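Structural characterization, general
Each chain, written out:
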Amino acid sequence: MSDAELQESSFDGNETIERSELEEGSSKLYEKLNSVLQLYSDISEESLHSEVFLDRLLTQIRSIIRPDIFILFTRDEEKQEWLLHSQTGVPEHLLKEGKLARAWQSLPTIVSRESLPLFSEDISKDRRFIGQVIRGINVKTFSGVTLRSGTQIYGSLLVGYYKSESLSQEYQSAFLMLANLVIPFLLTEHPVSTPSPVPAPVPAGPAPVAAPAPVPVLAPPAPVPPSVPAPAPLPLAKPLESSDAEKEGSGDAAITVMLDPSSRIQSCSPEFLSLMGFEAEEVKNTSLSKLLTKRGYSIYLSALKKLKAGAAAAIEHFELSLIKVGGRKRALSVHLSLKKEQEKTVGVVLQAEDVTQIAPLETELVFKRGLQAISSTISAAIQKISRETSGNAKHQIDEDLILSEGMRNGFSQFGIDGGALFKLQSGKKKLLLLADRGLSDQQKEQIEKEGVGAREHLLWKIIEKSAPILLNAKSKKTDLKKRILGEEGFVSFMGVPIESDDHLWGLLIFFSRETLFSDVDLRALTELGQEVGRSLDQIRAFGLLQKRIESLLTLNEVGQSITKSLNLEQLLSSIADNLKKMIGASNSYIFLEDAKRHIFYGASASDQRAEATRKFEIKMNENHLIPITAKERHPFVIENAAHDARVGKKWIKVFKSRSLLAVPFINKDRVSGVLLLDETRYFRKFTEDEIQRVADMANQVSIGIENAILHNSVSRHRERLQTLSSAIVNVQEEERRRIAKKLRDESGQALTTMRTDLEWLKKKIEDPTSEVKKRLDRVEREAVKTFESLKGLSAELRPPILDESGLVATIKWLVKEFEAQNEIKVHLQIAGTIKRLPARVEILLFRIIQESLANIGTHAKAESAIVSLEKRDPYIHLYVTDDGKGFDVKRYFSSPQMMRKEIGILGMKERIELSGGTFYIDSNPGQGTRISIRIPVVRKGQTPNS
């Protein structure tokens, strides 16, 4: 467990514990936390990550906040369960074989739902705890913290008190800080019991350095709010001031402490106060033992004992470990001597030099801050893209731009002289500079112009070895005075390769003119390089997700087109446009199979290519890309269409194709057509992902295409039937008109002549009582009767008034005739002025009214009826209502056809729908009948006078 890990871990990403919080907190709060900080100081590095240390830490936390109930849960995300790690104070009856009852699972869940840590001064009045088992054990005060890093939950720490308001604000702050210290122990399932060995100093010349042991990877912390000033960047190493390049001390013995014989501090130099982080009054009369680790104080006492025994005039160069404010350790090389006055020991003089190795914790903190800046920038860029593309995923993800922006922000946190991020490109023969710090404009311009392509260049050694490199000016056989990136005079250089998707992606380098980097720095840089590689993977994963969303959106659009329209032409046009946009091709074409003619014909295309596509017909046996794709039943890619015989010169001349992707439409093992995606701008190599996405889409839409083809065929068949039905109706009406006219003109005239001749004969007979005259009278009556019957039959077939005076006059005549023949009153309502209508409309309405009145007179047993006619352009509305016995409409339409013919409703419905109108009938037994009809006055594509 490193101090940096403790400082970076956070339960909600915003409550990060930093050293300043401990330094600036109240003295009471510091006293409460001091025992925990002392625990970190006293423990050995070997035990820092162990389970034993976690138990000791939990014991210290309990001793500070003194809860009645203390429970630590860990989180199993796969099983979505909270697992009991440890507890104290839970009654025995709520435990079973050392495990909490299942009912306790809800408690950490309640805490995790809160956006902030949960504090409740009296849970008996808190609705969040209604029905919870913790109420049953008389707990009053409760506090819970979800232990998380970023968005990942690792556990939950819960405390309870039997008294209300048991946690003051001071104790609440202490509890939150202490909870953070638990998080790093939950980050990995396999705690490391011993730290990774520190590699030996790098030998002369470039050589690979072993990567450190894996460390838990935290989710990127949330960005620091603007109101909180970001911490100043810490240097990776101290400037070189002594012969020992690995020390960070000042190189002199300025650290001085005057002690009394009991080893209490009497005075000290400002350097000591600055090093330890104390004020002078804070350490006055403080025992030195409180500033040393236990082992350090033991070494000090042993040296002091030897000194007092006279074994030496002074004890030199032994090492002591001190504890700074905040719990961080420092190593001092000590010179110890006695201060005597008149041969009497009056004090102890401690002179020291800070010989702490370049602090791994500070170095790690620096790199974590830099990584946080990088991660925050990348996260912000991805979130911005997500917001901008909400509902429209068609957005290009520029991973180089996102990563370079993140690295520029990261460089500002590292406190280095210079650094650079390079990407390997152009067949692994050139390095592209993406981000840098410390390079001049001239250097960057030269790199951009010439690249870093020399294989003997130092950067290429990292690429070739695929391993980290550390070089210092004092390393044997190493000359950093060579030109690196156009500069001279480097005293230290380190670089690491970056891998992404298990491939070498590029490299990251740091260089300095004043500071010597150490193995600790190189290990931290190696981890940073690994995190950069993981960030790249995340950016690419987001890009793939965007493409997947785009595919789903396109599939949804095509699916909506399929469901909304079965019009083949519209459907194919929509499919062509969407598939073209999905992978950014220049054009797309759809060819369908015509089995009768044994060809594939151009059915549709994107943009303006439809007309040219329709002119193309390709025989099924041709050696062409389209028949081959249909025959082989799998996609084909042609990268250079002009030089491929399967495309043909005619195609190239018309469409100017450079690269083509052909995909078959397959539905139920039948190929119905072929999709061609055409690239005319450049020679394109369609990726496997693009081919698969188009193939998946083609399989989906092929069903819709088949349905549209069937629907189109049925529609054409229905149109032919409608045309035939219209022709039959027209022939029937024309035949009725001809018969009616013949009855009126020829038969009527013959009967009229017969009556005239009979009257003449009657006049010639002198005896009015003769039998002949009686016979003539009877024949005349039959002739008159026959004449009237023929006249009525002619009117039923085709009343002459319809052709002479129009629909309104005909309806009035029809109603009058109906009332004369039936004891039923008919009310005629004509809304507005209705002039002559097209002949087909007039005869149709006449037939409908005629049939409706016939049904009323024959079946309805009505006392009255209403015929209403209204014109509301572009429709004529007709309503026929009666108060008769009514009937069951559903039963009528589900009855056998012979029964339905008796009323003739089906015939009316078919004639109206054939004319493009609508027919509705509403009736129930005992409630009469109402027929509603709407007929367009002008057919689609006609003018009112046509």
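Here, residues in each chain are numbered from 1, in the same order as that chain's written sequence. Selection of residues for local features in this predicted model requires a pLDDT of at least 70, selection of side-chain atom pairs for listing and counting requires 80 or more, and totals for whole chains, interfaces and linings are taken over all residues. Neither water nor hydrogens contribute to the side-chain values; these are computed over all heavy atoms in the structure.

1. Observations concerning the overall build of the protein
As a reminder of what qualifies: Starting at the N terminus, helices and strands are each numbered in turn, a helix being any DSSP run of H or I of at least four residues and a strand any DSSP run of E of at least two. Burial classes follow relative accessibility: with a 1.4 Å probe on protein chains only, a residue under 20% of its type's maximum area counts as buried, one over 50% as exposed, and anything between as partly exposed. Whether two residues touch is decided by their heavy atoms; if any such pair falls within 4.5 Å, the residues are in contact. Computed by Shrake-Rupley with a 1.4 Å probe, the accessible areas treat only the displayed protein chains as cover when residues are assessed.
A count of helical and extended segments in the protein gives 26 helices and 28 strands. Across the 946 residues that make up the protein, the buried fraction comes to 46%. By sequence separation, contacts in the protein at least 24 residues apart represent 62% of the contacts at least 6 residues apart. Summed over all atoms, the accessible surface of the protein reaches about 50,100 Å², with 50% contributed by carbon and sulfur.

2. Focus: the sheet that holds strand β8 (residues 255-259)
As a reminder, the rule being used: When DSSP finds two or more bridges between a pair of strands, those strands are recorded as paired. Axis definition: a line fitted to C-alpha atoms, over the contacting stretch in the case of helices. Angles run 0 to 180 degrees between N-to-C directions.
With antiparallel pairing, five strands are arranged side by side in an open sheet as β9-β8-β12-β11-β10. Of all strands in the sheet, those with a lone pairing partner are β9 (265-268) and β10 (314-323), marking the two edges. Sheet twist, expressed as the average angle between the axes of neighbouring strands with direction ignored, equals 30°. Sheet topology places β10 next to strand β11 (residues 329-341); nine bridges connect them, and they run antiparallel. Note on β11: the bridge partner recorded for L322 is R330. Sheet contacts for helix α9 (residues 294-308): β8, β10, β11 and β12 (344-354); angle to β10, the most-contacted strand, approximately 160°.

3. Focus on unusual backbone geometry
In this chain, D873 is followed by P874 through a cis amide linkage whose omega measures 5°. A positive phi angle is found at N285, which is not glycine, with a value near 65°. Here the phi dihedral of K656 falls at roughly 55°; this positive angle occurs in a residue that is not glycine. On the basis of relative accessibility, which here comes to 53%, the residue K656 falls in the exposed class.

4. Overview of the pattern of salt bridges
Under the convention used in this document: What counts as a salt bridge is simple: a side-chain nitrogen of Lys or Arg found within 4 Å of a carboxyl oxygen of Asp or Glu.
Per the counting criterion, the structure on display carries 22 salt bridges. For E531, the salt bridge is made with R534, and the minimal N-O distance between the two is 2.8 Å. One end of the pair is E531 and the other is R534, both in helix α14 (residues 519-564) and three residues apart, which spans about a single turn. Residue E531 is classed as buried on the basis of its relative accessible area of 15%. Since its relative accessible area comes to 34%, R534 is described here as partly exposed.

5. What to know about the side chain of D260
Threshold: In this tally Asp and Glu are treated as negative and Lys and Arg as positive; neither His nor the chain ends contributes.
Along the polypeptide, D260 turns up in the loop between β8 and β9. Lacking a salt bridge, the buried D260 has R264 as its closest oppositely charged neighbour, with an N-O distance of 5.0 Å. Leaving out residues up to four positions away in the same chain, D260 has contacts with Q266, V346, G347 and V348.

6. Remarks on the side chain of S269
Tracing the backbone through its elements, the reader meets S269 in the loop between β9 and α7 (270-276). Residue S269 is classed as buried on the basis of its relative accessible area of 11%. The contacts of S269, once residues within four sequence positions are left out, are A254, I255 and T256.

7. Regarding the packing of helix α22 (residues 807-821) against helix α23 (residues 839-860)
Just so we agree on the cut-off: Between 65 and 115 degrees an angle is taken as roughly perpendicular, under 35 as roughly parallel, over 145 as roughly antiparallel, and anywhere else as oblique. In this scheme the handedness of a crossing depends on how the near helix is turned from the far one: anticlockwise by less than a right angle means left-handed, clockwise means right-handed. Residue type decides the class: Asp, Glu, Lys and Arg count as charged, Ala, Val, Leu, Ile, Met, Phe, Trp, Tyr, Cys and Pro as nonpolar, and the leftover types, Gly among them, as polar.
At a minimum axis distance of 10 Å, the contact between α22 and α23 shows a crossing angle of 15°. With respect to α23, the axis of α22 lies roughly parallel. The two elements α22 and α23 meet at a crossing, and its hand is right-handed. In this structure, α22 contributes L807, T810, I811, L814 and F818 to the contact, and α23 contributes E842, L845, F846, I849, Q850, L853, I856 and G857. Among the residues forming the contact of α22 with α23, the class breakdown is nine nonpolar, three polar and one charged.

8. Some words on the nonpolar core
To keep it simple, the criterion reads: Buried residues of nine kinds, namely Ala, Val, Leu, Ile, Met, Phe, Trp, Tyr and Cys, make up a nonpolar core once their side-chain atoms join them within 4.5 Å.
Counting residues in each nonpolar core, the largest one holds 40 residues, and the members touching the most others are L845, L853, I856, L869, L878, F919 and I933. Counting residues per element, the ones that place at least two in this core are α22, α23, β25 (864-872), β26 (875-882), α24 (889-894), α26 (905-914), β27 (918-923) and β28 (929-936). For I933, the contacting residues outside a window of four places in its chain are I848, I876, H877, L878, I912, T918 and F919. Counting residues in each nonpolar core, the second largest holds 27 residues, with L259, V283, L320 and V348 among its members.

9. Digging into α23
Side chains three or four residues apart in an α-helix point the same way, a direct result of the helix having 3.6 residues per turn. For clarity, the threshold we go by: Given the number of residues in a helix, its expected span is that number minus one, multiplied by 1.5 Å.
The first and last C-alpha atoms of α23 sit 30 Å apart over 22 residues, in line with the 32 Å expected at 1.5 Å per residue. Count one or two residues on from α23 and you reach K861, which has phi positive near 55°.

10. Describing the sheet that holds strand β13 (residues 418-425)
Taken together, the five strands give an open sheet; going across it, the order is β14-β13-β17-β16-β15, and neighbouring strands pair in antiparallel fashion. Both outer strands of the open sheet, β14 (430-437) and β15 (469-472), are each paired with one neighbouring strand and no more. In this sheet, neighbouring strand axes are inclined to one another by 20° on average, regardless of whether the strands run parallel or antiparallel. One ladder, built from four bridges, connects β15 with strand β16 (residues 492-500); its direction is antiparallel.

11. Structural notes on the environment of Q152
Secondary-structure assignment places Q152 in strand β7 (residues 152-161). When its relative accessible area of 32% is taken as the criterion, Q152 is described as partly exposed. Once the C-alpha coordinates of Q152 and R75 are considered, the two residues, 77 residues apart in sequence, prove to be 9.8 Å apart.

12. So, the packing of aromatic side chains
Applied cut-off: Pairing of aromatic rings covers Phe, Tyr and the six-membered ring of Trp, with a centre-to-centre limit of 6.5 Å; geometry is then stacked below 30 degrees between planes, edge-to-face above 60, and tilted otherwise.
Here the structure, examined in full by the defined rule, presents eight aromatic pairs. Taking 5.5 Å as the distance between ring centres and 85° as the angle between the ring planes, the aromatic pair formed by Y589 and W651 counts as edge-to-face. One end of the pair, Y589, is in strand β18 (residues 587-594); the other, W651, is in helix α18 (residues 649-655), and 62 residues separate them in sequence. Given a relative accessible area of 2%, W651 falls into the buried group. Taking 5.4 Å as the distance between ring centres and 70° as the angle between the ring planes, the aromatic pair formed by F616 and W651 counts as edge-to-face. Within this pair, whereas F616 is found in the loop between α16 (610-614) and β20 (617-619), its partner W651 is found in helix α18, the two being separated by 35 residues in sequence.

13. Considerations on the pairing of β13
When a strand is regular, its side chains alternate between the sheet's two faces. In terms of residue burial, β13 counts as a mostly covered element, since seven of its eight residues are buried. Direction of pairing for β13 relative to β14: antiparallel, over a ladder of seven bridges. Note that in β14 the partner of K423 across the bridge is L432.

14. Comments concerning the confidence of the model for the protein
Here is the rule: Each residue carries a pLDDT value, the predictor's own confidence for that position, ranging from 0 to 100.
Scored by pLDDT, the protein comes out at a mean of 75, with 73% of its residues at no less than 70. A low-confidence stretch, residues 237-253 stays under pLDDT 50, and its non-local contacts, those more than four residues away or across chains, total 30 contacts.

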